[in-house]
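So you can see what is in the structure, the chains are spelled out below.
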Amino acid sequence: MLRAEHLTLAYDTEAIIAQLNLHIPIGQITALVGPNGCGKSTLLRGLARLLKPRAGTVLLDGKAIHSIPTRELAKQLGILPQAPVAPEGLTVRELVAQGRYPHQAWLQQWSAIDEAAVNKALAITKMESMADLPVDVLSGGQRQRAWIALTLAQETTIILLDEPTTFLDLAHQIEVLHLLEQLNREEKRTIIMIVHDLNHATRHAHHLIALRAGQVVASGAPLDVVTPALLHQVFGVEADVLPDPRTGVPLCIAYGLAKESARADQELAATNGAQPLGVES
Ligand SMILES: Nc1ncnc2c1ncn2[C@@H]1O[C@H](COP(=O)(O)OP(=O)(O)OP(=O)(O)O)[C@@H](O)[C@H]1O
Ligand SMILES: [Mg+2]
């Protein structure tokens, strides 16, 4: 179980995330959604200990992550940041191999297990043929897949991904989302992903957390959480929510910007399943 308790995250004086409580269900896919600048990446970085809390704590299996040794934590939790930059000239294989560092003992040689993990990560992200190319010559989508491969080579039980489908064409978006589903289903990995496409969130996540201005507006199963009122409140859009014809999950079709938000807030408060501000499910 990964949870945040009274978590406050800030860069300067102003808190981006203030006194936030939430829990991430283990063994599920959680999608984090919300408008630009609402604090999604900040929260993800806080959950992965890349950002030290100003107050509160992040607990992994009941243990404060700041008390877990770095190498130990890196074996349990891997993160794909939003805009990662690889050192110049580094090849894809070298990049992916960095995911193995937490697994190597002091002065221990690169092992066959490390090699196998790198090859597996390259294979499932379909990056084998590009393994020896420098990362900087790749297209945006290829580069994104190389970084996903690095995250997978780390072989952690919890994987956090900040917009994993950015830069990917439609087929590669589906491929990555199916890959994450497969890792969740077959290897019981816990996935936490930030996505902007709400239909990706409703189709591919079991649990959805909607953020606005650093606060949790709603969390729960997509079917309970995603309503026109929520889309109005969180994104300021007028939208229809229809059952997906294949699966029945909510399908969002935004058709305009919201004119007034007060009514939506009232509707939201009356919506079953959606959680009020700052309350975890
Ligand atoms: N390194 C930083 N230093 C100072 N302020 C920052 C830093 N990173 C983010 N911020 C600020 O924190 C706020 C939240 O940013 P964050 O990146 O968490 O948003 P986000 O929800 O991920 O947005 P997006 O959807 O655009 O990626 C923004 O106002 C941003 O300007
Ligand atoms: Mg972001």
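Being a predicted model, the structure only gives us computed values, none of them experimental. (Residues numbered from 1 in each chain as written. Chains lettered and ligands numbered in written order. Predicted model: local features only at pLDDT ≥ 70, side-chain atom pairs only at ≥ 80, totals over all residues.)

Digging into the overall build of the protein
Okay, so step 1: Check the secondary structure of the protein and you find ten helices and twelve strands.
Okay, so step 2: Relative to a compact globule of 281 residues, whose C-alpha radius of gyration would be 19 Å, the protein shows 19 Å and is just as compact.
Okay, so step 3: Referenced to the eigenvectors of the C-alpha coordinate spread, the extents of the protein come out at roughly 60 × 40 × 35 Å.
Okay, so step 4: Of all 281 residues assigned to the protein, the portion counted as buried reaches 40%.
Okay, so step 5: Sequence-distant contacts, at least 24 apart, represent 65% of the contacts inside the protein between residues at least 6 apart. (Helix = DSSP H or I, 4+ residues; strand = E, 2+ residues; numbered from the N terminus. Rg over C-alpha atoms; globule rule 2.2 N^0.38 Å. Buried ≥ 20, exposed ≤ 12 C-beta atoms within 10 Å, placed from the backbone. Contact = placed C-beta atoms within 7 Å.)

Looking at the site of ligand 1
Okay, so step 1: Around ligand 1 sit Tyr11, Ile16, Gly34, Asn36, Gly37, Cys38, Gly39, Lys40, Ser41, Thr42 and Gln82, and those are all the residues in its vicinity.
Okay, so step 2: In terms of residue count, the dominant contributor to the shell around ligand 1 is helix α1 (residues 40-47) (three residues).
Okay, so step 3: Looking at the shell around ligand 1 residue by residue, the class counts come to three nonpolar, seven polar and one charged. (Near = placed C-beta within 6 Å. Nonpolar A, V, L, I, M, F, W, Y, C, P; charged D, E, K, R; others polar.)

As for the packing of helix α4 (residues 112-124) against helix α5 (residues 140-153)
Okay, so step 1: α5 packs onto α4 with a crossing angle of 140° between their chain directions and a minimal axis gap of 8 Å. If you check the angle between α4 and α5, you find them oblique. The two elements α4 and α5 meet at a crossing, and its hand is right-handed. Here Ala117, Val118, Ala121, Leu122 and Ile124 of α4 come into contact with α5, specifically with Ala149, Leu152 and Ala153.
Okay, so step 2: Of the residues contributing to the contact of α4 with α5, the split by class is eight nonpolar, no polar and no charged. (Axes fitted to C-alpha atoms, helices over the stretch in contact; angles between N-to-C directions. Parallel < 35°, antiparallel > 145°, perpendicular 65-115°, else oblique. Left-handed = near helix turned anticlockwise from the far one by under 90°.)

Brief notes about the confidence of the model for the protein
For residues with low pLDDT, the predicted coordinates do not support detailed interpretation.
Okay, so step 1: On average, residues of the protein score 90 in pLDDT, and 92% of them reach the 70 mark or higher.
Okay, so step 2: Long-range and interchain partners of residues 272-281, a stretch whose pLDDT sits below 50, account for 28 contacts in this model, where long-range means more than four residues apart. (pLDDT = per-residue confidence, 0-100.)

A few points about the nonpolar core
Okay, so step 1: One finds Val96, Ala149, Leu160 and Ala210 to be the most contacted residues of the largest nonpolar core, which totals 74 residues.
Okay, so step 2: Top contributing element to this core by residue count: α5, with seven residues.
Okay, so step 3: When residues no more than four places from it in sequence are discounted, the contact partners of valine 96 are Val118, Ala121, Leu122, Ala146, Ala149, Leu150 and Ala153. (Core = buried A, V, L, I, M, F, W, Y, C linked by C-beta atoms within 7 Å.)

Things to note about the pairing of strand β8 (residues 190-194)
Okay, so step 1: For β8, the buried fraction is high: five of the five residues fall into the buried class.
Okay, so step 2: Neither face of β8 is exposed, since Thr190, Ile192 and Ile194 on one face and Ile191 and Met193 on the opposite face are all buried.
Okay, so step 3: The pairing of strand β7 (residues 158-162) with β8 spans five bridges and is parallel. Residue pairing for β8: leucine 161 is matched across the bridge by methionine 193.
Okay, so step 4: Note that the unit made of β7, helix α6 (residues 170-187) and β8 has a crossover that is right-handed. (Pairing = 2+ DSSP bridges. Right-handed = clockwise from strand over helix to strand, strands pointing away.)

Regarding α1
What sets the pattern is the α-helix's 3.6 residues per turn: residues three or four places apart point alike.
Okay, so step 1: Burial runs high along α1: six of the eight residues are buried.
Okay, so step 2: Those residues of α1 not exposed but buried are Lys40, Thr42, Leu43, Leu44, Gly46 and Leu47.
Okay, so step 3: Arginine 49 sits one or two residues past α1 and shows a positive phi near 70°.

Section: the pairing of strand β12 (residues 250-257)
Okay, so step 1: Pairing analysis gives seven bridges linking strand β11 (residues 237-243) to β12, with the strands arranged antiparallel. Bridging across to β12, aspartate 240 finds its partner in isoleucine 253.
Okay, so step 2: Counted between consecutive antiparallel strands, the loop separating β11 from β12 contains six residues, among which glycine 248 sits at a positive phi close to 85°.

Some points on the sheet that holds strand β3 (residues 29-33)
For sheets, the rule is that strands pair by backbone hydrogen bonds, running either parallel or antiparallel.
Okay, so step 1: A sheet is described by the order of its strands in space; here six strands give the open sequence β6-β7-β8-β3-β9-β10, paired in mixed fashion. Strand pairing shows two members of the sheet lacking a second neighbour, β6 (77-80) and β10 (215-220), which therefore form its edges. Neighbour to neighbour, the strand axes of the sheet diverge by 15° on average, direction disregarded.
Okay, so step 2: As defined by bridge partners, strand β9 (residues 207-212) adjoins β10 across five bridges and the pair is classed as antiparallel. Bridge assignment links alanine 210 to a residue of β10, and that residue is alanine 218.
Okay, so step 3: Against the sheet, α1 contacts β3, β6, β7, β8 and β9, and its axis sits at roughly 155° relative to β7.
Okay, so step 4: The strands touched by α6 within the sheet are β3 and β8, with β8 carrying the most contacts at an inclination of about 155°.

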